[in-house]
Amino acid sequence: MGLNYTLYYYDSSRNAVVMADMNGKELVIDCDRAEASVVFDESEDVGILARMAREDPANYVSITMRPGGL
């Protein structure tokens, strides 16, 4: 039985994207840990992931949950 997450949001106090299911169970993705091994072509590009986490957390989760991560 798979988990069905219904709510995705960015928690700025933890710098994390949180996914919650219908029963209130949460899966937390720590943005600092998820992005620790990412190497950017341009140093300004780091803002792309930060903005995605805040504005489109579901898409951020789909990218960070790929096999091998970001």
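The following paragraphs examine the structure supplied in this document. (Residues numbered from 1 in each chain as written. Predicted model: local features only at pLDDT ≥ 70, side-chain atom pairs only at ≥ 80, totals over all residues. Heavy atoms only, no water.)

## Here's the deal with the overall build of the protein
When helices and strands are counted, the protein shows 3 helices and 3 strands. Helices and strands appear in the protein in the N-to-C order β-β-β-α-α-α. Projecting the C-alpha coordinates of the protein onto the three principal axes gives extents of approximately 40 × 25 × 15 Å. Expressed as a percentage of its 70 residues, the buried residues of the protein come to 27%. If you take every contact in the protein between residues at least 6 apart in sequence, the share linking residues at least 24 apart comes to 29%. Entry remark: accessible area of the protein is about 5000 Å², with carbon and sulfur atoms responsible for 50%. Across the protein, the centroid of the 6 positively charged side chains sits 7 Å from that of the 12 negatively charged ones. (Helix = DSSP H or I, 4+ residues; strand = E, 2+ residues; numbered from the N terminus. Buried < 20%, exposed > 50% of the residue type's maximum accessible area, 1.4 Å probe, protein only. Contact = heavy atoms within 4.5 Å. Areas by Shrake-Rupley, 256 points an atom, 1.4 Å probe, with all protein chains shown as cover. Lys, Arg positive; Asp, Glu negative; His and termini not counted. Charge placed at Lys NZ, Arg CZ, Asp CG, Glu CD.)

## Considerations on the nonpolar core
One broad rule of soluble globular proteins: the nonpolar side chains tend to lie buried together. Counting residues in hydrophobic clusters, the biggest one holds 10 residues: Val17, Met19, Ile29, Cys31, Leu49, Met52, Ala53, Tyr60, Val61 and Ile63. Among the secondary structure elements, those contributing two or more residues to this core are strand E2 (16-21), helix H2 (46-55) and helix H3 (57-64). Aside from chain neighbours lying at most four places away, what touches alanine 53 is Tyr10, Val17, Cys31 and Tyr60. (Core = buried A, V, L, I, M, F, W, Y, C linked by side-chain atoms within 4.5 Å.)

## Regarding the environment of valine 39
Here valine 39 is to be found in the loop between helix H1 (31-34) and H2. Residues valine 39 and aspartate 11, spaced 28 residues apart in sequence, show a C-alpha to C-alpha distance of 24 Å.

## Let's talk about the pattern of salt bridges
As enumerated under the stated definition, the model contains 2 salt bridges in all. Between aspartate 11 and arginine 14 there is a salt bridge, and its shortest N-O distance comes to 2.8 Å. Residues glutamate 26 and arginine 14 are paired through a salt bridge, measuring 3.9 Å at the closest nitrogen-oxygen approach. Taken together, the positions of glutamate 26 in strand E3 (residues 26-30) and arginine 14 in the loop between strand E1 (5-11) and E2 put the pair 12 residues apart, joining distant regions of the chain. Assessed through its relative accessible area of 40%, arginine 14 is described here as partly exposed. Overlapping salt bridges, with partners in common, bring together Asp11, Arg14 and Glu26 in one network. (Salt bridge = Lys/Arg side-chain N within 4 Å of Asp/Glu carboxyl O.)

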